[in-house]
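Observations on the model geometry
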Amino acid sequence: MDQNSSSKDLVLLDSYHNLVMVRTVIGQMLVWFFICVDMLMLFTFFSKQAFRTNARYILFAHTLMADCLLLLLTDLVVLLIHFRVLIPVSHCIVLCILMGIVVKNTPYTITAMCLERYVAICMPLRHASISTTGRTMAAIAVVWAFSSVRVIIDLIIVSVKAPPGYFAKPTLCRYDIMLVTEWHRLMYITFNQVDFGIIVVILLFCYTKIMLAAQTASGENKQSVSKGRRTLLLHGLQLILCMADLWTPYILAVVQKQSLYWHETIRFLNFIAFTIVSRALSPLIYGLRDKKFCLALKYYMSCKV
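Below you will find a few notes about this structure. Treat the numbers as computed from the prediction; the structure is a model and nothing was measured.

**A word on the overall build of the protein**
Counting its regular elements, the protein contains 11 helices and 2 strands. Counting only residues that meet the buried cut, the protein has 45% of its 305 residues in that class. Roughly 16500 Å² of accessible area belongs to the protein as shown, and the carbon and sulfur atoms make up 71% of that amount.

**Focus: the packing of helix α4 (residues 89-122) against helix α6 (residues 133-161)**
Contact geometry of α4 with α6 gives a least axis separation of 8 Å together with a crossing angle of 145°. Crossing angle aside, the handedness with which α4 passes α6 is right-handed. Contacts between α4 and α6 involve Ile-93, Ile-97, Gly-100, Ile-101, Lys-104, Asn-105, Tyr-108 and Thr-109 on the former and, on the latter, Val-143, Trp-144, Phe-146, Ser-147, Ser-148, Arg-150, Val-151 and Leu-155. Taken together, the residues of the contact of α4 with α6 sort by class into 9 nonpolar, 5 polar and 2 charged.

**Looking at α4**
With 34 residues, α4 ought to run about 50 Å at 1.5 Å a step, and its terminal C-alpha atoms sit 49 Å apart, in line with that. Here α4 lies mainly inside the structure; 27 of its 34 residues are buried.

**Observations regarding a nonpolar patch on the surface**
On the surface, Met-21, Val-25 and Met-29 cluster together to form a nonpolar patch covering roughly 300 Å² of accessible area. Considering the arrangement of structural elements, one finds Val-25 in helix α1 (residues 2-47). What makes Val-25 partly exposed here is its relative accessible area of 42%.

**So, unusual backbone geometry**
The residue Arg-84 is not glycine, and still its phi comes out positive at about 55°. Summarising the element assignment, Arg-84 is placed in the loop between α3 (55-82) and β1 (87-88).

**A short note on the state of the cysteines**
Any covalent bond linking the sulfur atoms of two cysteines counts as a disulfide. This model, assessed by the stated rule, comprises 1 disulfide. Free of any disulfide, Cys-68 has its nearest cysteine sulfur in Cys-36, 9.1 Å distant. Of all cysteine sulfurs, the one in Cys-206 lies closest to Cys-122, which takes part in no disulfide; the gap is 8.1 Å.

**Quick look at α3**
Between its terminal C-alpha atoms α3 stretches 40 Å, which fits the 40 Å expected from 28 residues at 1.5 Å a residue. Where α3 starts, the residue carrying a side-chain oxygen 2.9 Å from the main-chain nitrogen of Arg-56 turns out to be Asn-54. Arg-84 sits one or two positions beyond α3 and adopts a positive phi of about 55°.

The rules behind the values
Residue numbers here run from 1 along each chain, matching the order of that chain's written sequence. Thresholds applied to this predicted model are a pLDDT of at least 70 for local features of residues and 80 or more for the giving and counting of side-chain atom pairs; totals over whole chains, interfaces and linings are not thresholded and use all residues. Heavy atoms from the whole structure form the basis of all side-chain values; hydrogens and water molecules are not counted. The way it works is that DSSP assigns letters per residue, a run of H or I at least four long becomes a helix, a run of E at least two long becomes a strand, and they are numbered from the N terminus. Accessibility here uses a 1.4 Å probe with only protein chains present; expressed as a share of the type maximum, an area under 20% marks a residue as buried, one over 50% as exposed, and anything in between as partly exposed. Note on areas: these come from Shrake-Rupley sampling with a 1.4 Å probe, and a residue is covered only by the protein chains present in the view. To obtain each axis, a line is fitted to C-alpha atoms, and for helices this fit is confined to the stretch in contact; angles are then taken between N-to-C directions over 0 to 180 degrees. Here is the rule for handedness: rotate from the far helix to the near one, and if that takes an anticlockwise turn smaller than a right angle the crossing is left-handed, while a clockwise turn gives right-handed. The contact rule is simple, with two residues in contact once any of their heavy atoms fall within 4.5 Å. Polarity classes work like this: nonpolar for Ala, Val, Leu, Ile, Met, Phe, Trp, Tyr, Cys and Pro, charged for Asp, Glu, Lys and Arg, and polar for all others, with Gly in that last group. Here, expected helix span is obtained from the residue count minus one, scaled by 1.5 Å. Residues forming no salt bridge and having over 30% relative accessible area are the ones grouped into patches, like charges within 9 Å of each other and nonpolar side chains (Val, Leu, Ile, Met, Phe, Trp, Tyr) within 5 Å. By salt bridge we mean one thing: a side-chain nitrogen of Lys or Arg within 4 Å of a carboxyl oxygen of Asp or Glu. Criterion for a disulfide: a pair of cysteine sulfur atoms within 2.5 Å. N or O atoms closer than or at 3.5 Å make up a polar contact, with two conditions inside protein: a donor-capable atom paired with an acceptor-capable one, and, for residues adjacent in sequence, both atoms drawn from side chains.

Structure representation (structure tokens):
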């Protein structure tokens, strides 16, 4: 009986390790596939002067760069956790700072892209004067500044509230290590909800204005408005996926107490859906759906440089 029980345990353990390995391989294939796609689109952007001077494409390229950086950092952390590599808290905090900034960067940039579409469709006569290259770069600088504020606050709090020897302690790297007190965790959740609420309000405002513009548009203008409306809907889906990534750690903390298997499964699905798929929407929205950019992309993919 003991031998049979041990054999079953070994079979279950082997099947679990095989499942984890399959998940890791799938995750790596998806991550590096979308990184290659993003790099090809960035090459297309920098190769055309018309793209480098257009506010919409500048914001799109910035999103691609932020997504590539986030995919690389997240993939590194996922591999560290998968192989149970313990690193000092101080080293992990460096990774957390970078990831925290880039995670916030994407939804803020998408919000700026929604506002750019609103100006282009609802204020076409002022679009050229508002969406200049200089103002677009200034908007990107503002995005980075707002993305950094929360992370800097978290860093200051953990530096003040962390117990002695905390930064030298080995740990599995995750953002939770920067939230050392319960009130800090509550503050982190509250700010995430406020961010999400503000972004949703801006998105709904832009979408409502574009819907009203669609009622009075005709001909080519109606097609442009319809395309802008679909673009905002895709942006809305992308923003929901990006912001949902900030809530999953709390779901995982509850699930971990119930079942390790489901904890690992949900963490894998979270990585696929909220980290990889949400970043894969950017090439779809402004890459493949944009005729000019898609033609240029096909040109370079066919090696006619």
